Amino acid sequence: MGNTCRYVVNAVGKGGETYYTQFNNKKELKSWITDNEEKLIMDELKIVDKELHPFFKWLFSKK
């Protein structure tokens, strides 16, 4: 039995908190972000889509 989440979120809060959470769909992800937007440093928000094709991961990488 593996983990079936699709999106993994790693974020830093304005008070130095670290957030690590997982979501199954984009609707849950967007809802969590809007609920916690005032607590998060949006520049430090990292979202990983586990089902994204490797070519697109390379294409959309910020590095």
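Definitions and limits used
- Residues numbered from 1 in each chain as written.
- Predicted model: local features only at pLDDT ≥ 70, side-chain atom pairs only at ≥ 80, totals over all residues.
- Heavy atoms only, no water.
- Buried < 20%, exposed > 50% of the residue type's maximum accessible area, 1.4 Å probe, protein only.
- Helix = DSSP H or I, 4+ residues; strand = E, 2+ residues; numbered from the N terminus.
- Arc of directions from axis to C-beta.
- Contact = heavy atoms within 4.5 Å.
- Polar contact = N/O pair within 3.5 Å; in protein donor to acceptor, adjacent residues only side chain to side chain.
- Core = buried A, V, L, I, M, F, W, Y, C linked by side-chain atoms within 4.5 Å.
- Pairing = 2+ DSSP bridges.
- Axes fitted to C-alpha atoms, helices over the stretch in contact; angles between N-to-C directions.

**Q** Can you walk me through helix H1 (residues 26-36) in this structure?
**A** In an α-helix, one turn spans 3.6 residues; hence positions three or four apart end up facing the same way. The set of residues buried in H1 consists of Leu29, Trp32, Ile33 and Asn36. All buried residues of H1 lie within an arc of 100° about the axis, which places them on one face of the element. Seen from the open side of H1, the exposed residues pointing more than 90 degrees away from its buried face are Lys27, Lys30 and Asp35. Its buried side turned inward, H1 meets strand S1 (7-12), strand S2 (18-23) and strand S3 (46-49). Two to three positions downstream of the cap, the backbone nitrogen of Lys27 sits 3.4 Å from a side-chain oxygen, assigning the N-cap of H1 to Asn25.

**Q** Help me understand the side chain of Asn36 in this model?
**A** Relative to the assigned elements, Asn36 resides in helix H1. At 3.0 Å, the side chain of Asn36 and the backbone oxygen of Trp32 are in polar contact.

**Q** Any chance you could explain the nonpolar core here in plain terms?
**A** Note that soluble globular proteins tend to have their nonpolar side chains buried in a common cluster. Counting residues in hydrophobic clusters, the biggest one holds 9 residues: Tyr7, Val9, Ala11, Phe23, Leu29, Trp32, Ile33, Leu40 and Leu45. Taken together, the elements giving at least two residues each to this core come down to S1 and H1. Setting aside residues up to four positions removed in sequence, Leu40 forms contacts with Ala11, Val12, Gly13, Lys14, Tyr19, Trp32 and Leu45.

**Q** For this particular structure, what's the right way to read the sheet that holds S2?
**A** Paired through their backbone hydrogen bonds, the strands of a sheet run either parallel or antiparallel. The strand order S2-S1-S3 describes an open sheet built from 3 strands, whose pairing is antiparallel. Every interior strand has two partners, whereas the edge strands, S2 and S3, have only one. Shown here is a sheet whose adjacent strand axes are inclined to one another by a mean of 15°, direction ignored. Pairing analysis gives 4 bridges linking S1 to S3, with the strands arranged antiparallel. Each residue of the ladder has a partner; that of Val9, found in S3, is Ile47. Docked against the sheet, H1 engages S1, S2 and S3, running at close to 155° with respect to S2.

**Q** Help me understand the environment of Arg6 in this model?
**A** Of note, Arg6 is situated in the segment before S1. Given the relative accessible area of 26%, Arg6 is considered partly exposed. Sequence-distant contacts of Arg6, defined by excluding residues within four places in its chain, comprise Phe23, Asn24, Val48, Asp49, Lys50 and Glu51.

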